[in-house]
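Tertiary structure, described
Listed below, chain by chain, are the residues.
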Amino acid sequence: MTPARLALRIGRSRDLVEVASLAAASRLYAELRDRSGHDVNTMPEGRVYDAETSKLVASISYNGRIWQGDRCVFDPFEARVGA
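In what follows, the accompanying structure is described. Per-chain numbering applies: the sequence of each chain, read as written, is numbered from 1 onward. For a predicted model such as this one, the threshold for reporting local features is a pLDDT of at least 70, and the threshold for listing and counting side-chain atom pairs is 80 or more; totals across whole chains, interfaces and linings nevertheless cover every residue. Each side-chain value is derived from all of the structure's non-hydrogen atoms; neither hydrogens nor water enter the calculation.

A few points about the environment of Asp75
- Numbering goes from the N terminus for both helices and strands, where a helix is a DSSP run of H or I of at least four residues and a strand is a run of E of at least two. Within the secondary structure layout, Asp75 lies in the loop between β6 (71-74) and α2 (76-82).
- Residue Asp75 is classed as buried on the basis of its relative accessible area of 11%.
- Sequence separation between Asp75 and Ala20 is 55 residues, and the spatial gap between their C-alpha atoms is 16 Å.
- In protein, a polar contact requires one atom able to donate a hydrogen and another able to accept it; more generally it is a pair of N or O atoms within 3.5 Å, and residues adjacent in sequence count only if both atoms are side-chain atoms. Here the side chain of Asp75 touches Arg65 through a polar contact of 2.9 Å, side chain to side chain. Summary of the burial criterion: residues with accessible area below 20% of their type's maximum are buried, those above 50% are exposed, and those between are partly exposed, where the area comes from a 1.4 Å probe applied to protein chains only.

Take a look at the structure:
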């Protein structure tokens, strides 16, 4: 179950940015990744937190997929195919 309020943090940044959904977190991460100039070896992982409790909800890999442990819970490529 996903919390009602989510926040994205990239790498060691102290900044948390509220996002509306896991899909929105993936899109924002991809936008920031594309603007950063980082590649797959240097781009920090994204992390999605419950905005109210600060509990880690999921992580975002370089390709924008969102993971809870070893289970992919959102794949932006599958989302585009279904759109």
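Side note on the side chain of Asp50
- Here Asp50 is to be found in strand β3 (residues 46-50).
- Reaching out from Asp50, the side chain makes a polar contact with the backbone nitrogen of Glu52 at a distance of 2.8 Å.
- The criterion used for residue contact is that any of the two residues' heavy atoms lie within 4.5 Å. Those residues in contact with Asp50, other than ones at most four positions away along the chain, are Pro3, Arg5, Lys55 and Val57.

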